[in-house]
Amino acid sequence: MPTPSLNAPRSYGWDEAYEHAFAEHQAAGLVPARVVLVDRGQATVVTATGSVRATWSAHAGLSPSPCTGDWVAITNTTQPELVAVLPRRTAIVRSTASRTSHAQVLAANVDTAAIVVSIANPISAGRIERMLALAWDSGAIPVIVLTKADLAERSPADVREEVAALALGVDVLVTSVATGEGLDILAALLTGTIVLLGPSGVGKSSLGNALLGTELLATGAVRAGDGKGRHTTVHRELVPLPNGGVLIDTPGLRAVGLHDSEDGIQQVFAEIEELARQCRFTDCQHANEPGCAVRAAIDAGTLSPRRLDSYRKLQRESAWAASRDDARLRAEREKHRKAITQHLRATYGFREQQS
């Protein structure tokens, strides 16, 4: 069993499992730290003795690239260098906005993903399902936080019931920062490392400040014309909560592209997955096949056509991302193979010239 690290920031989530993962780095004289912020090719990390700025060499082959929430090993020097990233337990991953095969890690080692939805505006069922798939696929536990209950035009209880029908097995809470409604229950429910996810203007930073008990996170009003928010949070930053745990606020997500998220999609649409297992044919497309339990549920009114359409849409998107990822990996292997071939040809040509 490794000797306990005296320099581990335990209030930021360090535990025995990380202790074991860090053993070889501790033997090399490195210090454990957690990434608070990444910007301009550097990382702000926190150790047991405080925050420092750490750099890493582009030629060091560091993989994966560090992101907010990562546990890392740094040198114990005046100018700390980030040497290694510990294996991630969970990661919030989405496709990049460019719609390439590359993925973007929004936050690492997250325990609870709080999906923030404003009920001052109409609810988007598709966006909620997409965010849930993102959260479930990460390995974190999702919680849906309905904000701005004081500004809701509809009954918050009715909205909660509507959202709960989209989020089987997920806690859905109604809150208001202005009145304090639901905040005590939310604080008790959120544990470990918490990330706030949602578009701009839904009240993520205001909610974060309420949990922190101080105006630490920048906030801004939504636009009067369309109810959309301005990006007051410009980067992902990890901050400690007063009663334990840590919070990661994120910039507003305009687009939430799924990246090979089949497991998360199956979790979100568990009722369709269960119905599909009752279909007569294992490869049923839920169109006009005889004995289709999914179509029977739609005909009976127990499953909405919109729900099936959303399921299919996210499945197609996830499969496309997975196929693009496979194509990119094949292209990288082919590029590597060609480089080796060119090197061998050059070597043989040189030898022939010398003979």
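Read on for a plain summary of the structure.

### Points about the pairing of strand β12 (residues 237–240)
Where a strand is regular, its side chains alternate between the two sheet faces.
Line of reasoning, step 1. Pairing between β12 and strand β13 (residues 246–249): four bridges, direction antiparallel. Looking at β13, one finds that Val-239 is bridged to Leu-247.
Line of reasoning, step 2. In textbook terms, the turn of a hairpin is the stretch between consecutive antiparallel strands, and for β12 and β13 this stretch comprises five residues, one of which, Gly-244, has a positive phi near 105°.

### Here we look at the pattern of salt bridges
Line of reasoning, step 1. Applying the stated criterion to the full structure yields 10 salt bridges.
Line of reasoning, step 2. A salt bridge links Arg-53 to Asp-39; the nearest nitrogen and oxygen atoms lie 3.0 Å apart. In this pair, Arg-53 sits in strand β3 (residues 50–55) while Asp-39 sits in strand β1 (residues 31–39), placing the two residues 14 residues apart along the sequence.
Line of reasoning, step 3. Here Arg-130 and Glu-317 are joined by a salt bridge, their closest N and O atoms 2.8 Å apart. A residue pair is termed long-range when its members are at least 10 positions apart, and Arg-130 in helix α2 (residues 125–138) and Glu-317 in helix α9 (residues 305–354) qualify at 187 residues. Like Glu-317, Arg-130 is buried.
Line of reasoning, step 4. A cluster of three or more residues bridged by salt bridges with shared partners is formed by Glu-129, Glu-271, Arg-306 and Arg-307.

### Overview of unusual backbone geometry
Line of reasoning, step 1. Of note, the amide linkage connecting Ser-63 to Pro-64 takes the cis form, showing an omega dihedral of -5°.
Line of reasoning, step 2. On the secondary structure map, Pro-64 appears in the loop between β3 and β4 (71–74).
Line of reasoning, step 3. Of note in the backbone geometry, Asn-109 takes a positive phi value of approximately 55° without being a glycine.
Line of reasoning, step 4. In this fold, Asn-109 is placed in the loop between β7 (103–108) and β8 (112–118).
Line of reasoning, step 5. You will see that Lys-148, though not glycine, has its phi angle at about 60°, which is positive.
Line of reasoning, step 6. Relative to the elements of secondary structure, Lys-148 occurs in the loop between β9 (141–147) and α3 (156–164).

### Thoughts on the sheet that holds β9
Sheets are built from strands that pair by backbone hydrogen bonding, the pairs being arranged parallel or antiparallel.
Line of reasoning, step 1. Spatial strand order, β10-β9-β8-β11-β13-β12: six strands in an open sheet with mixed pairing. If you trace the sheet from one side to the other, it starts and ends with β10 (171–174) and β12, each paired once. Mean inter-strand twist for the sheet, computed between neighbouring axes without regard to direction, equals 25°.
Line of reasoning, step 2. Here α3 sits on the sheet and contacts β9 and β10; the angle it forms with β10, its principal contact strand, is near 160°.

### Remarks on helix α8 (residues 293–300)
Line of reasoning, step 1. When we look at burial in α8, the residues that qualify are Ala-293, Val-294, Ala-297 and Ile-298. Taken around the axis of α8, the buried residues stretch over an arc of 145°, which confines them to a single face. Those residues of α8 that are exposed and angled more than 90 degrees off the buried face are Asp-299 and Ala-300.
Line of reasoning, step 2. Phi turns positive one or two residues past the end of α8, at Gly-301, with a value near 85°.

### Thoughts on the pairing of β1
Line of reasoning, step 1. Extensive coverage of β1 is indicated by the burial of eight of its nine residues.
Line of reasoning, step 2. The sheet contact formed by β1 and β4 spans four bridges and is antiparallel. The partner of Pro-32 across the bridge, within β4, is Ala-73.
Line of reasoning, step 3. Alignment of β1 against strand β2 (residues 42–47), held across five bridges, turns out to be antiparallel.

### A short note on the nonpolar core
Line of reasoning, step 1. Formed by 62 residues in total, the largest nonpolar core has its most connected members in Ile-92, Ile-144 and Leu-146.
Line of reasoning, step 2. For this core, the leading source of residues is α2, giving seven residues.
Line of reasoning, step 3. Counting residues in hydrophobic clusters, the runner-up holds 17 residues, among them Leu-190, Leu-211, Leu-241 and Leu-247.

What counts and what doesn't
Residues numbered from 1 in each chain as written. Predicted model: local features only at pLDDT ≥ 70, side-chain atom pairs only at ≥ 80, totals over all residues. Heavy atoms only, no water. Pairing = 2+ DSSP bridges. Helix = DSSP H or I, 4+ residues; strand = E, 2+ residues; numbered from the N terminus. Salt bridge = Lys/Arg side-chain N within 4 Å of Asp/Glu carboxyl O. Buried < 20%, exposed > 50% of the residue type's maximum accessible area, 1.4 Å probe, protein only. Axes fitted to C-alpha atoms, helices over the stretch in contact; angles between N-to-C directions. Contact = heavy atoms within 4.5 Å. Arc of directions from axis to C-beta. Core = buried A, V, L, I, M, F, W, Y, C linked by side-chain atoms within 4.5 Å.

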